[in-house]
Amino acid sequence: MAEARLSMLQEMFNCSMCQGILQDPVSTPCGHNFCTNCINKHWDQSDQAEGYKCPQCNEVFSSRPVLSRNAMLAEVMGKLKQMEVSLPPEESCAGPGDLECDVCTDKKQKAVKYCLTCQAFFCETHIQPHRNSEAFKKHKLDDPVARLPQELCLRHQKPIEFFCRTDRLSLCYSCVLTEHKSHDTATLEMEQVEKQAQLKTAQTEIQQRVQEREKKLEEVLKAADLIKVSAEKEMQDSEAAFHEVIQSMEEASKKVSELIRDQAEREVKKVEGVKEQLEKEIEELKKRDTELSELARVEDQIHFLQNFPCPPVPPGDEELLSLTICNDISIKELKELLSSLKESMEPVKKCQLLKTTKKGEESVYILRFPKSQQEFLKYACQLTLNPCTANEYLWLSEDVRKVTHSTEPCPSFDHPDRFDRWLQVLCNEGLYKSRYYWEVETVGNRAVIGVAYHSIGRKGGDEDCHLGGNKSSWGLFCSGSSYSARHDKQETEIIAPCSSRIGVYLDYPSGALSFYSISDTMTLLHRFEGRFTELLYPGFSLNCYGSSVTICQVKQ
């Protein structure tokens, strides 16, 4: 009974800020009483620009009020302390390992609750205002568990109770009321419930995707096995076909060798026959010559005339002298056939395994170059110049298909893709994994026509930024009277009739870039062969005032 009366007296003289018995009580001009430390700490942390508010009635004072000590209350508080010391039972006192009440002053009582709003532990006596007073209905009570540092706001030293969805931060109540008041916030419980739902949905999605991937993996593994079987069959078939071709060629080679050998033997026998006839005739002629020499020494006229041979020169086979010996064994038709066969084998030697237009499929691609302009036009593409890459002394036409070198700078804004030293410009279109053809018309001297990766240098006057002067670009230099091809600082001089119209054919899959001179016919000037790894952008460089390059309108 005495304890209950004491509890009622304590509630009457509790500080509304710390909820404990008033310590060194002081009064504000509005008539409310607080602990000296509580009210001073409150006003020390308040925003002076908003004035000084009474924590109980919210009356605002423009200047900090002078607090006066309430002597009567101080005397009453002394009496209450004496009564408090004598009344509490021993079992409510805090022992080793217990959390102590933050309000008790002399004998610390065991805490039974923790107020998240007040950030304080309360014993059974001092928790009563929270349970009975409407002023504390919004305060959240929790079991008295030791607060960990990570559970407290570093700025306000208050419990973490809220989560800011805008900044993804954990907050205390003061944070929500101040710098995060306009943000999307929620209590930790609400946010956890929502995140748990998202977590469950995410896990379900992940598990479903795992199942889909495992199924796809199974399909891929089966496809790999089928590919191996198919590849083995294709290898066997191709080896059998090549073996048959090789066997046929070997048999044909043997037959041709026998044919040539037989023909050579016949010719040699013919020569042997002619040789025997010629030797026999030479022997007879030498014998007649000897007889004539002896007859020439005879002085007896009768003997001379009787023994004079008639005719003096024996008849010979004049056909032997007109006979031509063929020392070149050749079969013209066979040579032409073999040459044609060799040419037909060139595409087979250059065949590559490349991706087709169907996603994920591959096929054997045989490198073939068009022969006429009509064939090239099947791969015609439409190109436009990119103003963001053009040097300031290059002027572009309204349809961005013509570039002209001028002595006056073109009004333009700075852009990281712009060439600041070399008078160059690239096209908007990046070419990749297909075949393309375009034509340009040049006016003036010293123009460069080529292609480049987007990674080509843009700032500076060295070769790393020059079209054809580095590993990132390929170019044809047209000087008006001659040509040269350049790539990676390697230059190849080209001897060919000059033309103002140039055709460019890009076979990206095979790594071939060809330049053609176009007049009545198409003449191959140069072909680069290698391997492309990035998007290729057609580009031009002009190094002579008044010169220009126009992208021609060509259609498929």
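Residues numbered from 1 in each chain as written. Predicted model: local features only at pLDDT ≥ 70, side-chain atom pairs only at ≥ 80, totals over all residues. Heavy atoms only, no water.

1. Focus: the overall build of the chain
What the chain contains, in helices and strands, is 10 helices and 26 strands. Burial status across the chain gives 30% buried among its 556 residues. A fraction of 53% describes how many contacts in the chain between residues 6 or more apart in sequence connect residues 24 or more apart. When the accessible surface of the chain is split by element, carbon and sulfur atoms take 53% of a total near 36,100 Å². (Helix = DSSP H or I, 4+ residues; strand = E, 2+ residues; numbered from the N terminus. Buried < 20%, exposed > 50% of the residue type's maximum accessible area, 1.4 Å probe, protein only. Contact = heavy atoms within 4.5 Å. Areas by Shrake-Rupley, 256 points an atom, 1.4 Å probe, with all protein chains shown as cover.)

2. Description of the packing of aromatic side chains
One pass over the full model with this rule turns up 12 aromatic pairs. Between Trp474 and Phe532 the ring centres are 5.2 Å apart and the planes differ by 90°, which places this aromatic pair in the edge-to-face class. Remark: Phe532 occurs in the loop between strand 24 (522-529) and strand 25 (536-542) and Trp474 occurs in strand 19 (residues 473-478); sequence separation between them is 58 residues. We note that Trp474, like Phe532, is buried. Measuring from centroid to centroid gives 5.5 Å for Tyr508 and Phe532, while their planes differ by 45°, and the two rings are tilted. Taken as a pair, Tyr508 in the loop between strand 22 (501-507) and strand 23 (512-518) and Phe532 in the loop between strand 24 and strand 25 lie far apart in primary sequence, 24 residues in all. (Phe/Tyr/Trp six-rings, centres within 6.5 Å; stacked < 30°, edge-to-face > 60°.)

3. Brief notes about the sheet that holds strand 7 (residues 120-123)
Pairing is antiparallel in the open sheet, where three strands are placed in the order 7-6-8. For this open sheet the edge positions go to strand 7 and strand 8 (141-142), each flanked by a neighbour on one side alone. Where strand 6 (residues 111-115) and strand 7 come together, four bridges link them in antiparallel fashion. Note that in strand 7 the partner of Ala111 across the bridge is Cys123. (Pairing = 2+ DSSP bridges.)

4. Describing the side chain of Ser484
Residue placement: Ser484 occurs in strand 20 (residues 483-487). One polar contact links Ser484 to Glu491, side chain to side chain, over a distance of 3.1 Å. If we ignore the near neighbours within four places in the chain, the residues touching Ser484 are Gly475, Leu476, Phe477, Glu491, Thr492, Glu493 and Ile494. (Polar contact = N/O pair within 3.5 Å; in protein donor to acceptor, adjacent residues only side chain to side chain.)

5. Remarks on the pairing of strand 21 (residues 490-494)
The side chains of a regular strand alternate, residue by residue, between the two faces of the sheet. Direction of pairing for strand 20 relative to strand 21: antiparallel, over a ladder of five bridges. If you follow Ser484 over to strand 21, its bridge partner there is Glu493.

6. Details of the environment of Ala447
Structurally, the position occupied by Ala447 is in strand 18 (residues 447-453). For Ala447 and Ser479, which are 32 residues apart along the polypeptide, the C-alpha to C-alpha distance reads 6.6 Å. If near-sequence neighbours (up to four positions away) are discounted, Ala447 is found in contact with Leu476, Phe477, Cys478, Ser541, Leu542 and Val549.

7. Description of helix 2 (residues 36-45)
Within the span of helix 2, buried status applies to Thr36, Cys38, Ile39 and Trp43. For helix 2, the elements touching its buried residues are strand 1 (25-27), strand 2 (33-35) and strand 3 (52-53).

8. Looking at the pattern of salt bridges
Overall, the coordinates contain 16 salt bridges when judged by the stated rule. Note that Glu439 is salt-bridged to Arg501, the shortest N-O span being 2.8 Å. You can see Glu439 sitting in strand 17 (residues 435-443) and its partner Arg501 sitting in strand 22, a full 62 residues away along the chain. Judged by its relative accessible area of 25%, Arg501 falls in the partly exposed class. Look at the salt bridges and you will find they share partners, linking Arg165, Asp184, Glu191, Glu194 and Lys195 into a network. (Salt bridge = Lys/Arg side-chain N within 4 Å of Asp/Glu carboxyl O.)

9. A closer look at a nonpolar patch on the surface
A cluster of nonpolar side chains, Phe242, Val245, Ile246, Met249, Leu338, Leu341 and Met345, forms an exposed patch at the surface whose accessible area comes to about 580 Å². Contributions of two or more residues to the nonpolar patch are made by helix 6 (188-296) and helix 9 (332-349). Take the nonpolar patch: its biggest share by element is four residues, from helix 6. Within the secondary structure, Ile246 sits in helix 6. (Patch = residues over 30% accessible without salt bridge, like charges linked within 9 Å, V, L, I, M, F, W, Y side chains within 5 Å.)

10. Focus: the pairing of strand 25
Taken across its seven residues, strand 25 has seven buried, putting it largely inside the fold. Note: strand 16 (residues 424-426) against strand 25, three bridges, orientation antiparallel. Each bridged residue has a counterpart across the sheet, and for Gln424 the counterpart in strand 25 is Ser541. With seven bridges joining them, strand 18 and strand 25 adopt antiparallel strand pairing. Across the sheet, residue Ala447 finds its bridge partner in strand 25, namely Leu542.

11. Focus on the side chain of Thr389
Take Thr389: it is sitting in the loop between helix 10 (373-376) and strand 14 (394-396). For Thr389, a relative accessible area of 3% puts it in the buried group. Of note is the side chain of Thr389, whose polar atom sits 2.8 Å from the backbone oxygen of Asn386. In this structure Thr389 touches Asp417, Arg418, Phe419, Gln424, Val425, Leu426 and Arg458, once residues within four positions along its chain are discounted.

12. Some remarks on unusual backbone geometry
Of note, Arg168 is a non-glycine position whose phi angle comes to about 55°, a positive value. Here Arg168 is to be found in the loop between strand 9 (162-164) and strand 10 (169-171). Phi at Lys433 is positive, roughly 55°, even though this residue is not glycine. If you trace the backbone, Lys433 turns up in the loop between strand 16 and strand 17. Lys433 sits in the partly exposed class, given a relative accessible area of 48%.

13. So, the confidence of the model for the chain
Regions with low pLDDT carry predicted coordinates that are not meant to be interpreted in detail. For the chain, the average pLDDT comes to 82, and 86% of its residues sit at 70 or higher. Contacts of residues 85-91 to residues separated by more than four positions or lying in other chains number seven contacts, the stretch itself having pLDDT below 50. For the stretch residues 353-359, pLDDT sits under 50, and the model shows 14 contacts to residues farther than four places along the chain or on other chains. (pLDDT = per-residue confidence, 0-100.)

14. Description of the nonpolar core
Where a protein is soluble and globular, its nonpolar side chains tend to be buried together. Formed by 37 residues in total, the largest nonpolar core has its most connected members in Trp438, Ile502, Leu506, Leu513, Phe515 and Phe540. For this core, the element with the highest residue contribution is strand 18, accounting for four residues. With residues near it in sequence (within four places) discarded, Phe515 still touches Ile449, Gly450, Leu476, Ile502, Gly503, Val504, Thr523, Leu524, Leu525, His526 and Phe528. Formed by 15 residues, the second largest nonpolar core is a distinct cluster that contains Val26, Cys38, Phe61 and Met77. (Core = buried A, V, L, I, M, F, W, Y, C linked by side-chain atoms within 4.5 Å.)

15. Some remarks on the sheet that holds strand 14
An order of 14-15-26-17-22-23-24 is seen for the seven strands of this open sheet, with the pairing classed as antiparallel. The outermost strands of the open sheet, each flanked by one partner alone, are strand 14 and strand 24. The average angle at which neighbouring strand axes cross in this sheet is 20°, direction not considered. Inspection of the sheet shows strand 22 paired to strand 23 by six bridges, in the antiparallel sense. Paired with Asp507 across the two strands is Ala512, which belongs to strand 23. (Axes fitted to C-alpha atoms, helices over the stretch in contact; angles between N-to-C directions.)

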